[in-house]
Amino acid sequence: MTRSTFTLSRRRLLAGAAGAALTTPMINRAWAADPVQINMLAWYGHAEPDIVAEFEAANNVKFVPKYYAGGDNMLGLIAQSPPGTYDLILSDAEFVQQLNMAGYIEEMDPSLYPFDDFWPEYQNFPGHWTGDQLWSVMVRFGLLGVSYNSNVMTREEAMSYNAFWNPKITGKLGHFDWHLPSLGQVSLLMGNRDPSPFDISEDAWEAVMDKTLSLKPQVGGYFDYGGTFASLKNGEMLAMAGIGDWITGVLQKDGAPVASVIPEEGGIQWTESYSIGKGTTKHEIINKFINYMLSPEGQVKSIKMAAYPGLSPLKSGWKAIQEADPAEAKRSGLIEGDDQSPIKLLSEGRLFFRDIPRQQDLEDWNDFWSEYKTA
Amino acid sequence: MSKRFDAYPYVWRLPLLIWQGLFFVGPLILMVAMSFWLVRNYRMEPDFVLKNWDRMLGRDYFWNAYWVTLWRATLAGVLASLIAFPASYALAFRVSETTRRWAIFFLIVPFFTSYLVRVYAWQVLLAESGPINAVLGFGGLGPFTMLNSGFGAMVGYMTLVLPLVVILQTFSLAAIDRNLIEAAWNLGASPRETLFQVILPAARIGLILGATFAFILSFGDFVSPFYLGGSKPPTLSILIIDTTKSGQQWPRAAVVAIMMIATLFVAAFAAVGAAYGRRK
């Protein structure tokens, strides 16, 4: 009796095990190739489903993002990883030269990308090229100006950086907690436009510091990404320096009464570009992805990216968003001749690429920012 | 026989020593060493230069942040102790054993949720358009700016430390020998005299430890001064973040951290001395 029971249960066990083995997803998956993993170093949002899901499904790849906040943070992450860790690097344009100097990125072949389709202003983006050598391809950009609560301030009032000193927002002016955009905007207000608000003499730098310190009584706080969103949304801050539509555009979709405008003194452009990480072996699929993101389809996704909106540097991208979402094209100025169109602003000399300080050490700007915060 | 090596006590001490070595002494030594390193091209390189110390301690913004942090943590320690005391006193002397047990349980419950989540909740509550200002508005008051201020940060510190301080105070008050209090009464001491000459001295250890924990936790806290204080002004913990963010200056951040640890050591030793030292 005992023996037969044992035999029966063993058979059952074997049958069960065999059934389980056949239905295990691990086994089934062996018949299909595993997706190729692409390691991407990027700002938050660039490897989220709204951007990459379709490409992943169509090409059997899987993006594995490592998100950073700020160029310094990005360089730090690369410096601490072995070569070849990242296949694709999305960088702020002003840091591409540093990536290149440190030997973290590979030269790219310009013939692989649709440069003819770029607006001429963006075909030879500074820092992306050394002579004929290409190191990075621009995928999107955005504008930093005056962001304000439209219940409190009019667009006309916001049309100058002097709006930050407006008594209506005393104690309610927020700063995005990064020195480059905020100090760049004060530099623009001080008239430093030739060649750029970041290329200024010692005297001009002194003047920028003094002017910035005079803003202190207006300041209600210094915020990171999340804090900037929250404080503008709940009305805690009524204006914000150092940001633009990449924040207020998201809040507008939520119905918050906020807007961004490029004032008379000019705006600052942030620029995001793809570079190929040195040591990668996945050139083909990476180039395919970069081209996908530069295609009209990819550009519409980028313009409407859920994490934060961006503008398109490609003529076909403008056309695509005008067709796909005219309201969004109008809102973000991606229409020829619109008074906030980046191409128009560039032609008027009212748009400057964000840069690292050219005549001072980056450290000096950093130090001053810390001083300003504790002043 | 008596010379035989007795491994027993050493074996039991070993885990603590290994733990402290691995997770405290080791990192501490590394951090001190790192404060003399240099950063080149966003990469740390071992070196022995005083530049980081010179640079950080020579800057006004470091000392501004230092005094702000010290002042706020001290205030948090004092405030938490004062706010906690009536509650602890009631729990220790005025309620039944069962009620006290439930109260202690409910004081532990806040620790079940993340401190960050609780601070985000305060952001909503303290906002100018938030519920607290709405209620005050009915009485014709406000709206008050509570977020992004020293007040906001202090609310956050209290969220962090108050339950712990109440627990520590309650235990030390409850442990006081009731005969002492009765004796004080019998000898004609007024309630005030009983409190200041019997109860407070007898509960000294718990009261000082409670205040010290409040000080230590507030001194190193990043969340409240950042999310409720709006980094206005930055504390030392925020300065550490800023320093590492800008140019990967971990060695300079290490200088700030060492200064913080040194300050906490002094504070903790002074507190332990005051708590356990002999009374004159």
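Numbering of residues starts from 1 in each chain and follows the order in which that chain's sequence is written. Written order decides the labels, with chains lettered from A and ligands numbered from 1. Totals for whole chains, interfaces and linings use every residue, but because this is a predicted model, local features are given only for residues with pLDDT of at least 70 and side-chain atom pairs only at 80 or more, for both listing and counting. The basis for every side-chain value is the complete set of non-hydrogen atoms in the structure, without hydrogens or water.

**A look at the nonpolar core**
- In this structure, F63(A), M74(A), Y113(A), Y122(A) and F289(A) are the most contacted members of the largest nonpolar core, which totals 120 residues.
- Helical segments are the DSSP runs of H or I of at least four residues, strand segments are the runs of E of at least two, and each set is numbered from the N terminus. No other element matches the 8 residues that strand 7 (residues 137-149) of chain A contributes to this core.
- Per-domain counts for this core show at least three residues from each of domain 2 (36-141 + 271-339) and domain 3 (143-268 + 352-374) of chain A.
- Residue contacts are defined here by distance: any two heavy atoms, one from each residue, within 4.5 Å place the two residues in contact. Setting aside residues no more than four positions away along its own chain, F63(A) makes contact with I38(A), M40(A), A47(A), V52(A), F55(A), E56(A), L88(A) and F289(A).
- Joining through side-chain atoms within 4.5 Å is the link that ties buried Ala, Val, Leu, Ile, Met, Phe, Trp, Tyr and Cys residues into a set, and such a set is a nonpolar core. The buried label applies to any residue whose accessible area, calculated with a 1.4 Å probe on protein chains only, is under 20% of its type's maximum; exposed applies above 50%, and partly exposed to all values in between. A76(B), A127(B), A153(B) and L228(B) belong to the second-largest nonpolar core, a separate cluster that totals 28 residues. Residue ranges labeled as domains rest on an automatic or database domain assignment.

**Points about the interface of chain A and chain B**
- Counting from both sides, the interface comprises 29 residues of chain A and, opposite them, 27 residues of chain B.
- For any pair of parts, buried area is found by adding up, for both, the accessible area (1.4 Å probe) each one loses once the two are put together. Here chain A meets chain B over a buried area of about 2,500 Å², counting both sides, of which 43% is carbon and sulfur.
- For this analysis, a salt bridge means a side-chain nitrogen from Lys or Arg found within 4 Å of a carboxyl oxygen belonging to Asp or Glu. There are 6 salt bridges connecting chain A and chain B.
- Residues K373(A) and D242(B) are paired through a salt bridge, measuring 2.5 Å at the closest nitrogen-oxygen approach.
- Polar contact is the term for a pair of N or O atoms within 3.5 Å; when the atoms are in protein, one must be able to donate a hydrogen and the other to accept it, and sequence-neighboring residues count only if both atoms are side-chain atoms. For the pair chain A and chain B, the number of links is 13 residue pairs in polar contact (both at pLDDT 80 or more).
- With 8 residues, the single largest contributor to the side of chain A that touches chain B is helix 15 (residues 362-374) of chain A.
- Three residue categories are used. Nonpolar comprises Ala, Val, Leu, Ile, Met, Phe, Trp, Tyr, Cys and Pro, charged comprises Asp, Glu, Lys and Arg, and polar comprises the others, including Gly. Class assignment for the residues of the side of chain A that touches chain B results in 10 nonpolar, 10 polar and 9 charged.

**Details of a negative patch on the surface**
Residues and elements named next belong to chain A.
- A cluster of acidic residues, E202, D203, E206, D210, D361 and D364, forms a negative patch on the protein surface.
- When residues in the negative patch are grouped by element, the largest group, 4 residues, is from helix 7 (residues 202-213).
- Assignment of secondary structure puts E206 in helix 7.
- Accessibility expressed as a relative area gives 42% for E206, which makes it partly exposed. Only residues above 30% relative accessible area that lack a salt bridge enter a patch, with like-charged residues linked at up to 9 Å and the nonpolar side chains Val, Leu, Ile, Met, Phe, Trp and Tyr linked at up to 5 Å. Here the open area of atoms and residues is found with the Shrake-Rupley method and a 1.4 Å probe, where only the protein chains shown may cover a residue. Lys and Arg are tallied as positive, Asp and Glu as negative. Neither His nor the chain termini are counted. To locate a charge, take NZ of a lysine, CZ of an arginine, CG of an aspartate or CD of a glutamate.

**A look at the UniProt feature "transmembrane region" (unreviewed entry) in chain B**
All names here are of chain B.
- UniProt positions are given in the numbering used here, feature names are shortened, and annotations may be inferred rather than shown by experiment. Annotation from UniProt places "transmembrane region" (unreviewed entry) at residues 12-39, 65-90, 102-121, 151-174, 195-219 and 253-276.
- Between the C-alpha atoms that bound residues 12-39 there is a distance of 42 Å. The span itself is 82% helix and 7% strand.
- As a span, residues 65-90 carries 100% helix and 0% strand, and end to end its C-alpha atoms are 38 Å apart.

**A word on unusual backbone geometry**
- Here the residue pair D194(A) and P195(A) is connected by a cis peptide bond, since its omega of 5° sits within 30 degrees of zero.
- Inspection of the secondary structure assignment puts P195(A) in the loop between helix 6 (179-189) and helix 7.
- The omega angle of the peptide bond from K232(B) to P233(B) is -5°, so this bond is cis rather than trans.
- Its location among the elements puts P233(B) in the loop between helix 11 (223-228) and helix 12 (236-245).
- Positive phi values are uncommon outside glycine, yet N60(A) reaches one of about 50°.
- Mapped onto the elements of the fold, N60(A) is located in the loop between helix 3 (49-59) and strand 2 (61-68).
- The phi dihedral of S231(B) falls on the positive side, at around 55°, and the residue is not glycine.
- Position of S231(B) among the secondary structure elements: in the loop between helix 11 and helix 12.

**What to know about the packing of helix 8 (residues 225-233) of chain A against helix 9 (residues 245-253) of chain A**
Residues and elements named next belong to chain A.
- Here an angle of 0 to 180 degrees is reported between the N-to-C directions of two axes, which are lines fitted to C-alpha atoms, with helices fitted over the stretch in contact. Orientation of helix 8 relative to helix 9, taken along the N-to-C sense of each, is 50°, at an axis distance of 10 Å. As the angle between them shows, helix 8 and helix 9 are arranged oblique. The handedness of the crossing between helix 8 and helix 9 is right-handed. Taking contact as the criterion, the partners of Y225, T228, F229, L232 and K233 in helix 8 are, on helix 9, W246, I247, T248, V250 and L251.
- Its residues assigned to classes, the contact of helix 8 with helix 9 shows 7 nonpolar, 2 polar and 1 charged. The cut-offs work like this: below 35 degrees is roughly parallel, past 145 is roughly antiparallel, 65 to 115 is roughly perpendicular, and the gaps in between are oblique. Handedness of each helix crossing follows the sense of rotation of the near helix against the far helix: counterclockwise by less than a right angle gives left-handed, clockwise gives right-handed.

**Observations regarding the pattern of salt bridges**
- Counted under the stated rule, the structure contains 25 salt bridges over all chains.
- Note that D338(A) is salt-bridged to K330(A), the shortest N-O span being 2.9 Å.
- Residue classification places K330(A) among the exposed positions, given a relative accessible area of 52%.
- Bridged by salt links that share partners, the residues E363(A), D367(A), R55(B), R59(B) and R252(B) form one connected network.

**Topic: the packing of aromatic side chains**
- Stacked, tilted and edge-to-face pairs are distinguished by plane angle, under 30 degrees for stacked and over 60 for edge-to-face with tilted covering the rest, among Phe, Tyr and Trp rings (Trp via its six-membered ring) whose centres lie within 6.5 Å. The final tally for this structure, using the stated rule, is 48 aromatic pairs over all chains.
- Seen from their ring centres, F265(B) and F269(B) are 6.0 Å apart, and the 15° between their planes marks the pair as stacked. Of this pair, F265(B) and F269(B) both sit in helix 13 (residues 250-276), 4 residues apart, which is roughly one turn of that helix.
- With a relative accessible area of 37%, F265(B) lands in the partly exposed category.
- The class of F269(B) is exposed, set by a relative accessible area of 59%.
- Three or more aromatic residues link up through ring pairs in this structure, and these residues are F198(A), W205(A), Y222(A), W365(A), F368(A), W369(A) and Y372(A).
- By the criterion adopted, a ring carries a charge over it if an Arg CZ or a Lys NZ lies within 6 Å of its centre and within 35 degrees of its normal. In this arrangement the basic side chain of K373(A) is found over the ring face of Y222(A), its NZ or CZ atom lying 5.7 Å from the centre.
- In this structure, R118(B) is placed above the aromatic ring of F111(B), and the distance from its NZ or CZ to the ring centre is 6.0 Å.

**Focus: the pairing of strand 7 of chain A**
Residues and elements named next belong to chain A.
- With respect to burial, strand 7 is a largely interior element, 13 of its 13 residues being buried.
- Only when DSSP finds a minimum of two bridges between them are two strands counted as paired. In terms of strand pairing, strand 7 meets strand 12 (residues 267-277) through 7 bridges, oriented antiparallel. The residue of strand 12 that forms the bridge with G142 is W270.
- Both strand 7 and strand 10 (residues 239-244) contribute to a ladder of 4 bridges, which runs antiparallel. Note that in strand 10 the partner of L144 across the bridge is G244.
- By the bridge criterion, 4 bridges tie strand 7 to strand 11 (residues 258-261) in an arrangement that is antiparallel. Each bridged residue has a counterpart across the sheet, and for V146 the counterpart in strand 11 is V261.

**Remarks on the side chain of Q360(A)**
Residue and element names in this part refer to chain A.
- Relative to the elements of secondary structure, Q360 occurs in the loop between strand 13 (351-353) and helix 15.
- On the basis of relative accessible area, Q360 is assigned to the buried category, the value being 6%.
- Looking at Q360, its side chain comes within polar contact range of the side chain of E202, at 3.2 Å.
- If we skip the residues at most four places from it in the chain, Q360 touches I200, S201, E202, W205 and W365.

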